[in-house]
Amino acid sequence: EMEVVVTGFGPFAGFEQVNPSWELVRGLPGRLAGYSVQTMQLPVLYDYVASNVPQLHKSNPNLKLMIHCGVGLRGGFRLEQVARSGCYQRPDCAGNCLQGEKIPDAPELYKTQVPVEQIALQAQKECRCENIAVSCDAGLYLCEYVYFTSLHHGCVPSLFIHVPPFDAPLSRRAMELVFCKLIECVIRCTLPRRSRPPVGMGVCVLSRQYPGCVLVGKRKGDPSEYGYDCYALPGGHLEFGETFAEGAAREVKEETGLVLHNVRQGPTYNLILAEQGFHCVIVVMVGECGDQPHDSEAVNCEPDKCAGWEWRKWTDMPQPLFAALKMAKESGFDPFTF
């Protein structure tokens, strides 16, 4: 999925071998500030930008932020605040220009929605670099043209960043570190903050009264939520200050009325369901009921969330299965030999 796209330019006159913008862009990690990052190199060609950048916006429904980068003057990083419709008279790498014409059916100027002033101040502090500033002149070349094209055709915030040449004055390594933090800062200041995933637990409750079985219940609640109508283990989220064993015992008692003994930790899974907007770290726990028959009599303590509890064979589970139970089964985990 493309949530944040960052582009850099390929070679052109003066930077025939290495374009610092692309070298910095291609070194970015695939995820920053909780968002997926996709990088792309653009040739220094007006026609290519005119045909491909609008399509890049239209063909990616998950796109949330577009960041274009190009090499600029010596000194520092410049966050461009505006883009003008023309005139773009300087020839591109194919010798073509827009013949002095302004872009038709477009305003004279666009101003980015990205909070560049806030980002510049924040990035200076975080990067410990004073060479980050806001600019209102993107140069009326491919840099400004791609910026204007994104602002004109895109429905998401767009930004252009001019990066300095290497060693002017920052070394390449220093620029790589600053640039990565700068892009992360842009994302954090522009897009909604994504919370860290919670820790959830699914508890395999075992009983001598029901050999080979675990306790499962059919989930109720909001039909639009992930996991509705699925069979699940008892469980929930870890509370502040709890150990895994304490959290598992508490959740099972709250949901079923059962008291667990010999509670122990099983496998851990990282569940990411991007389309449903669901991300949770799931710890599978194992615990045992008491030896008396009444110790295994589960009560549906939360009827608004669960249709009822039943003992089912681990080798013959009802379908469909909810997260922790599904992942435990698929990974080959066996709570009876753990």
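The preceding data block contains the structure.
First, a word on what this report is: a plain description of the structure on this page. (Residues numbered from 1 in each chain as written. Predicted model: local features only at pLDDT ≥ 70, side-chain atom pairs only at ≥ 80, totals over all residues. Heavy atoms only, no water.)

So, the side chain of Gln81
Line of reasoning, step 1. Here Gln81 shows up in the loop between strand 5 (77–80) and strand 6 (82–84).
Line of reasoning, step 2. Residues contacting Gln81, with those up to four places away along its chain left out, are Tyr110, Lys111, Thr112, Val116, Glu117, Val134, Ser135, Cys136 and Tyr147. (Helix = DSSP H or I, 4+ residues; strand = E, 2+ residues; numbered from the N terminus. Contact = heavy atoms within 4.5 Å.)

Looking at the pairing of strand 11 (residues 213–219)
Line of reasoning, step 1. Of all 7 residues in strand 11, 5 are buried, a share of seventy percent or more.
Line of reasoning, step 2. As judged from the 2 bridges shared by strand 11 and strand 12 (residues 231–232), these two strands associate in the antiparallel manner. Paired with Gly217 across the bridge in strand 12 is Ala232. (Buried < 20%, exposed > 50% of the residue type's maximum accessible area, 1.4 Å probe, protein only. Pairing = 2+ DSSP bridges.)

Regarding the packing of aromatic side chains
Line of reasoning, step 1. Tallying each qualifying case throughout the model produces 11 aromatic pairs.
Line of reasoning, step 2. Considering the side-chain rings of Tyr88 and Tyr145, the 5.3 Å spacing of their centres and the 70° angle between planes classify their relative orientation as edge-to-face. Of this pair, Tyr88 sits in the loop between strand 6 and strand 7 (109–111) while Tyr145 sits in helix 4 (residues 142–153), placing them 57 residues apart in sequence.
Line of reasoning, step 3. Classification of Tyr88 as buried rests on a relative accessible area of 0%.
Line of reasoning, step 4. With relative accessibility at 8%, the residue Tyr145 sits in the buried group.
Line of reasoning, step 5. Ring geometry for Phe333 and Phe338: centres 5.5 Å apart, planes at 65°, overall edge-to-face.
Line of reasoning, step 6. According to the relative accessible area criterion, Phe333 is buried, its value standing at 12%.
Line of reasoning, step 7. Given a relative accessible area of 42%, Phe338 falls into the partly exposed group.
Line of reasoning, step 8. Clustering of aromatic rings is evident, with ring pairs tying together Phe12, Phe15, Tyr46, Tyr88, Tyr141 and Tyr145.
Line of reasoning, step 9. The positively charged end of Arg90 is found above the aromatic ring belonging to Tyr141, 4.0 Å away from the centroid. (Phe/Tyr/Trp six-rings, centres within 6.5 Å; stacked < 30°, edge-to-face > 60°. Lys NZ or Arg CZ within 6 Å of the ring centre and 35° of its normal.)

Describing the nonpolar core
Line of reasoning, step 1. Core analysis: the biggest nonpolar cluster contains 58 residues, and Phe77 and Ile161 have the highest contact counts within it.
Line of reasoning, step 2. No other element matches helix 5 (residues 172–190), which puts 9 residues into this core.
Line of reasoning, step 3. Apart from the residues within four sequence positions on either side, Ile161 is in contact with Ile67, His68, Cys69, Gly70, Phe77, Arg78, Leu79, Leu182, Ile183 and Val186.
Line of reasoning, step 4. One finds Cys230, Cys280, Val286 and Leu321 within the second-largest nonpolar core, a separate group that totals 24 residues. (Core = buried A, V, L, I, M, F, W, Y, C linked by side-chain atoms within 4.5 Å.)

Section: helix 5
Line of reasoning, step 1. Over its 19 residues, helix 5 runs 27 Å from end to end, which matches the ideal 27 Å to within 8%, given 1.5 Å per residue.
Line of reasoning, step 2. Among all positions of helix 5, only Met175, Val178, Phe179, Leu182, Ile183, Cys185, Val186, Ile187, Cys189 and Thr190 are buried. (Expected span 1.5 Å × (residues − 1).)

Looking at the environment of Val156
Line of reasoning, step 1. Inspection of the secondary structure assignment puts Val156 in the loop between helix 4 and strand 9 (158–163).
Line of reasoning, step 2. By relative accessible area, which is 17% here, Val156 ends up buried.
Line of reasoning, step 3. It is 17 Å that separates the C-alpha atoms of Val156 and Leu109, two residues lying 47 residues apart in sequence.
Line of reasoning, step 4. Aside from chain neighbours lying at most four places away, what touches Val156 is His57, Leu63, Lys64, Leu65 and Met66.

Brief notes about the pattern of salt bridges
Line of reasoning, step 1. Following the criterion strictly, the structure yields 17 salt bridges and no others.
Line of reasoning, step 2. Across the salt bridge formed by Glu23 and Arg26, the nearest N and O atoms sit 2.9 Å from each other.
Line of reasoning, step 3. The closest approach of N and O atoms between Glu310 and Arg312, which form a salt bridge, is 3.0 Å.
Line of reasoning, step 4. What you see here is one network of salt bridges that share partners, running through Glu23, Arg26, Arg172, Arg173 and Glu176. (Salt bridge = Lys/Arg side-chain N within 4 Å of Asp/Glu carboxyl O.)

Some points on the packing of helix 2 (residues 46–58) against helix 4
Line of reasoning, step 1. Packing of helix 2 against helix 4 leaves a shortest axis separation of 9 Å and a crossing angle of 30°. Taken as axis vectors, helix 2 and helix 4 run roughly parallel relative to one another. In the crossing of helix 2 with helix 4, the sense of the turn from one axis to the other is right-handed. Facing Tyr46, Val49, Ala50, Val53, Pro54 and His57 of helix 2, the residues of helix 4 in contact are Leu142, Tyr145, Val146, Thr149, Ser150 and His153. (Axes fitted to C-alpha atoms, helices over the stretch in contact; angles between N-to-C directions. Parallel < 35°, antiparallel > 145°, perpendicular 65-115°, else oblique. Left-handed = near helix turned anticlockwise from the far one by under 90°.)

Focus on the sheet that holds strand 15 (residues 278–288)
Line of reasoning, step 1. Across the sheet, 4 strands lie side by side as 13-10-15-14; this open sheet has mixed pairing. Only two strands of the sheet have a single neighbouring strand rather than two, namely strand 13 (235–237) and strand 14 (261–273). Pairs of neighbouring strands in the sheet enclose a mean axial angle of 20°, with direction left out of account.
Line of reasoning, step 2. Of the pairings in the sheet, the one linking strand 10 (residues 199–206) to strand 13 comprises 3 bridges and is antiparallel in character. Along strand 13, the bridge assignment pairs Met201 with Gly236.

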